[in-house]
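Structural overview
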Protein chains: 2
Amino acid sequence: MPDFTVTPWHVEGDIDYDKLTRQFGTQKITEQLHQRIAQVAGEDHFMLKRGVFFSHREMDRVLEQYQNGEKFFLYTGRGPSGNTHIGHLVPWVFAKWLQDRFGANMYFQITDDEKFYSKHDMTLEDTARYALENALDFIALGFDPKKTRIIINTRNIRTLYPIAAQIAKRINFSNTKATFGFTGETNIGMIFYTALQSAPCFIEDGPVLIPLGVDQDPHFRLTRDIAPKIKKHKPALIHNMMIPGLEGPGGKMSASDSSNTIYTTDTPDMVKKKINKYAFSGGQPDVAEHRRLGGNPDIDVSYQYLRIFFEPDDGKLESIYTDYKSGKMLTGELKQILIEKINSFFQTHQKKREEARDKIQEFLYEDR
Amino acid sequence: MPDFTVTPWHVEGDIDYDKLTRQFGTQKITEQLHQRIAQVAGEDHFMLKRGVFFSHREMDRVLEQYQNGEKFFLYTGRGPSGNTHIGHLVPWVFAKWLQDRFGANMYFQITDDEKFYSKHDMTLEDTARYALENALDFIALGFDPKKTRIIINTRNIRTLYPIAAQIAKRINFSNTKATFGFTGETNIGMIFYTALQSAPCFIEDGPVLIPLGVDQDPHFRLTRDIAPKIKKHKPALIHNMMIPGLEGPGGKMSASDSSNTIYTTDTPDMVKKKINKYAFSGGQPDVAEHRRLGGNPDIDVSYQYLRIFFEPDDGKLESIYTDYKSGKMLTGELKQILIEKINSFFQTHQKKREEARDKIQEFLYEDR
């Protein structure tokens, strides 16, 4: 029995990221690479500094190409199985930063077909509805409408399918069995699907950089094997860790488990209740003991959310860490900081999200 | 070792059609059903009378629906791996008759993706080129432009894919293994492809009748299992036998073997040379022996082509049969009859085929 599982459709257990990196065959982001990214970008990013983005494939190569005048484009995506939650925003916020710093085009793929194939009880109408809702969150983050296109698989299949066919011809069932653990019971939509997730890698001729959750890496392992055979650039990747659910380590936040998840459409009151009720705490059972022994920010979900996303200021984050660990800050106080941070972020985000309804047409990719 | 093999991608050996019917689980067309088709259609067709169309699935059911006022639509297709040959025309000519007699809409699917997946050395550009060439032959047969649409898979994927997805979700790898003999080595394009061949069955809401070569039946066995699960009509089928290659029984005419095949674009001289040189003869080694023993029309390819396609007149066909069997007609004379029949047919066909270049836009299916 492995102590953790990470596949594009299932994440479980307490992930050992060193082990995962070896298992997947990716590279850890070294301090040297981190500094180089910051140097070429012209500024650092807290998600790099804090190891939220921790692993990559050929990030160094695309930086070198960039410095030699060859621009990369960006590609990431979303499987629309439910509403957007804060975990989804992590790679998108980082992708937005990459777009700004490198002037890169961005393709955002919404895989309505994949979620239809992988979720027994979802219809294509369900996933199409979530596709549009999820797109609003993406647009709300401020991507440049001139440089950003949203691809919805069933809608843009005419562009995707001929590219996917080139890939599909070079992947056999045994490859998908080895990569995803597919069996005789796997439906043929799922089996083919990886070719469609590969397709946007080749939607432009130049090199591509994909910021994404590490659970999606297996798709691109296949793509990278095939790219040279079809005389294309291998996609480069930069991976973020899985964002824990409210109830703590042992999985990623899931769009389909509402008590374990904070959605971008939650009201201030819902955020408050969910954090107070469900957020796994690194504190002691009672106040006296907490004051005496201190809390453990490294396992505390509220602290982790601040570290991963909601407190970009290193100084502030450090004093929260110190105060919580020393027992000076109580769990309720820590939660209160997070609740305020989330609700302040949501106040702006939800406004922009509604404004995005009028902008969505501008962002949708049009098949030629 | 089976003595013959019939799959959508490989036909080999001397096919025992009784055995094949049992193996595939289809129904033979009984004399009673033949008469009923002729009665409802208002006339008989020589391909039914002569058993060229020999098997079906629920042909009786669509006739009954038709008589109760529920019209069926027609669907057939072509895998564009090369130029059209006379074997391809068999189901199309019959389909044209069905369209005329039953006032049915017709969808003609050209599977450029399938041939790309199944032919190692073909590109999507190759199959797209043949797709258009093959479409000309189809149009030349006189289908009603108001009631006929040509679907090209990569071109019309936006219509096909969402329908195919409904089917693909309900077929697993084991199903394709059992139906087509797929293995771990089969590419994922091929594995998914059967869902795309199913899709036109559901392009209209009513019942569908598919006239086609019996080698394509396995695809629709899967479709028929799934149709009720997605609350759709099971497609009905009517199957023609495989048309032998020039060199005789032991396979079907293949678009990729030019010496064994008569293409619709062959010149009169090419037709003459191919028939005289390659057409497998049921005659005796020399004239004297032929006069004495007579020929065997049942294995003679020239006679079979007349029977299957080029001599609709029963009286004329019967006297050719008798004369050849008795030794009165020599092989050279029989071949001469066929050559004249083919060239006469081609004279008109090739003219209409060129005229079809200007009509093709009118026939192409437009995605909504």
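Residues numbered from 1 in each chain as written. Chains lettered and ligands numbered in written order. Predicted model: local features only at pLDDT ≥ 70, side-chain atom pairs only at ≥ 80, totals over all residues. Heavy atoms only, no water.

Turning our attention to the pattern of salt bridges. What the rule picks out here adds up to 46 salt bridges over all chains. For the salt bridge of E43 of chain B with R101 of chain B, the shortest nitrogen-to-oxygen distance reads 3.6 Å. Note that E43 of chain B is positioned in the loop between α2 (31-41) and α3 (46-49) and R101 of chain B in helix α5 (residues 86-102), a separation of 58 residues in sequence. Judged by its relative accessible area of 32%, R101 of chain B is partly exposed. For E354 of chain B, the salt bridge is made with R353 of chain B, and the minimal N-O distance between the two is 3.9 Å. For R353 of chain B, a relative accessible area of 3% translates into the label buried. Residues participating in the shared-partner salt-bridge network are E133, D137, R353, E354 and R357 of chain A. (Salt bridge = Lys/Arg side-chain N within 4 Å of Asp/Glu carboxyl O. Helix = DSSP H or I, 4+ residues; strand = E, 2+ residues; numbered from the N terminus. Buried < 20%, exposed > 50% of the residue type's maximum accessible area, 1.4 Å probe, protein only.)

Okay, the interface of chain A and chain B next. Across the contact, 35 residues belong to chain A and 35 residues belong to chain B. For the pair chain A and chain B, the summed buried surface comes to about 2900 Å²; carbon and sulfur atoms form 64% of the total. Together, Y161, K169 and I188 of chain A form the three largest contributors to the area buried by chain A at its contact with chain B, with a combined 27%. Inspection of the region where chain A meets chain B yields zero salt bridges. Summed over the shared surface of chain A and chain B, the result is 20 residue pairs in polar contact (both at pLDDT 80 or more). Residue assignment for the side of chain A that touches chain B shows that the elements contributing at least two residues are α6 (112-118), α8 (157-168), α9 (173-180) and α10 (188-198) of chain A. Looking at the side of chain A that touches chain B residue by residue, the class counts come to 16 nonpolar, 12 polar and seven charged. (Contact = heavy atoms within 4.5 Å. Buried area = accessible area lost by both parts, 1.4 Å probe. Polar contact = N/O pair within 3.5 Å; in protein donor to acceptor, adjacent residues only side chain to side chain. Nonpolar A, V, L, I, M, F, W, Y, C, P; charged D, E, K, R; others polar.)

Turning our eyes to something else, we now look at the sheet that holds strand β9 (residues 236-240) of chain B. All names here are of chain B. With mixed pairing, seven strands are arranged side by side in an open sheet as β3-β4-β9-β8-β5-β6-β7. The sheet is open, and its two borders are formed by β3 (27-28) and β7 (148-152), each paired with just one other strand. Pairing of strand β5 (residues 73-78) with strand β8 (residues 208-213), which is carried by two bridges, proceeds in the parallel orientation. Paired with F73 across the two strands is V208, which belongs to β8. Along the sheet, α5 contacts β4 (53-57), β5, β6 (106-110), β7, β8 and β9; its crossing angle with β5, the most-contacted strand, is approximately 165°. (Pairing = 2+ DSSP bridges. Axes fitted to C-alpha atoms, helices over the stretch in contact; angles between N-to-C directions.)

A few words now on unusual backbone geometry. For E58 of chain A, which is not a glycine, the phi torsion comes out positive at approximately 60°. Structurally, E58 of chain A can be placed in the loop between β4 (53-57) and α4 (59-67).

With that settled, the discussion passes to the packing of aromatic side chains. Residue and element names in this part refer to chain A. Across all of its chains, the model carries 48 aromatic pairs over all chains by this definition. Taken together, the ring pairs in this structure connect W92, F108, F138 and F143 into an aromatic cluster. Positioned above the aromatic ring of F24 is the side chain of R221, whose terminal nitrogen or guanidinium carbon lies 4.6 Å from the ring centre. (Phe/Tyr/Trp six-rings, centres within 6.5 Å; stacked < 30°, edge-to-face > 60°. Lys NZ or Arg CZ within 6 Å of the ring centre and 35° of its normal.)

All names here are of chain A. The interhelical angle for the contact between α8 and α10, taken along N-to-C directions, is 110°, at an axis separation of 8 Å. On the basis of the axis angle, α8 is roughly perpendicular to α10. Crossing hand, α8 versus α10: right-handed. Seen from α8, the contacting residues are I157, L160, Y161, A164, I167 and A168; seen from α10, they are F192, A195, L196 and S198. In the contact of α8 with α10, the residues fall into nine nonpolar, one polar and no charged. (Parallel < 35°, antiparallel > 145°, perpendicular 65-115°, else oblique. Left-handed = near helix turned anticlockwise from the far one by under 90°.)

This part takes up the sheet that holds strand β9 (residues 236-240) of chain A. All names here are of chain A. Strand order in the open sheet formed by seven strands is β3-β4-β9-β8-β5-β6-β7, and the pairing between neighbours is mixed. The open sheet has two free edges, formed respectively by β3 (27-28) and β7 (148-152), since each of these has just one partner strand. Running at roughly 170° to β9, helix α11 (residues 217-226) makes contact with β4, β5 (73-78), β8 (208-213) and β9 of the sheet.

Moving on to α10 of chain A. Structurally, the α-helix is built with 3.6 residues per turn, so residues lying three or four positions apart point the same way. Residue and element names in this part refer to chain A. With 11 of 11 residues buried, α10 lies mostly within the body of the structure. Along α10, the residues that are buried comprise I188, G189, M190, I191, F192, Y193, T194, A195, L196, Q197 and S198. Its side-chain oxygen 3.0 Å from the backbone nitrogen of G189, N187 forms the N-cap of α10.

Another point: the relation of the copies chain A and chain B. You can overlay chain A on chain B at an RMSD of 0.0 Å; the transform is a turn of 180° with a shift of 0.0 Å along its axis. Taken together, the rotation and translation describe the operation of a two-fold axis. The fraction of interface residues of chain A whose copies in chain B are also interface residues reaches 100%, indicating that both copies meet through the same surface. (Least-squares fit on C-alpha atoms with pLDDT ≥ 70 in both.)

This part covers the pairing of β4 of chain A. All names here are of chain A. When you tally the buried positions in β4, you get five out of five residues, the bulk of the element. Here two bridges tie β3 to β4, and the two strands are oriented antiparallel to one another. Pairing of Q27 across the sheet is with H56, part of β4. Both β4 and β9 contribute to a ladder of four bridges, which runs antiparallel. Bridge assignment links H56 to a residue of β9, and that residue is I238.

On to the confidence of the model for chain A. On average, chain A scores 95 in pLDDT, and the residues at 70 or more come to 97%. For this predicted complex, the interface confidence comes out at an ipTM of 0.94, alongside a pTM of 0.94. (pLDDT = per-residue confidence, 0-100.)

Our focus in this paragraph is the environment of L141 of chain B. All names here are of chain B. Inspection of the secondary structure assignment puts L141 in the loop between α7 (124-140) and β7. The spatial distance from the C-alpha of L141 to the C-alpha of E354 is 12 Å, given a sequence separation of 213 residues. Among residues more than four places away in sequence, those in contact with L141 are L89, W92, V93, K96, F345 and H349.

This next bit is on the packing of helix α14 (residues 301-310) of chain B against helix α15 (residues 314-326) of chain B. All names here are of chain B. The geometry of α14 relative to α15 is characterised by a closest axis approach of 10 Å and an angle of 165° between their N-to-C directions. Our classification of the angle between α14 and α15 gives roughly antiparallel. Regarding α14 and α15, the two cross each other, and that crossing is left-handed. Judged by residue contacts, Y303, L306 and R307 of α14 engage L317, I320 and Y321 from α15. Here the contact of α14 with α15 is built from residues that sort into five nonpolar, no polar and one charged.

Residue and element names in this part refer to chain B. With respect to the helices and strands, D217 occurs in helix α11 (residues 217-226). Here D217 falls in the buried class, since its relative accessible area comes to 0%. Setting aside residues up to four positions removed in sequence, D217 forms contacts with F24, T26, R57, L237 and H239.

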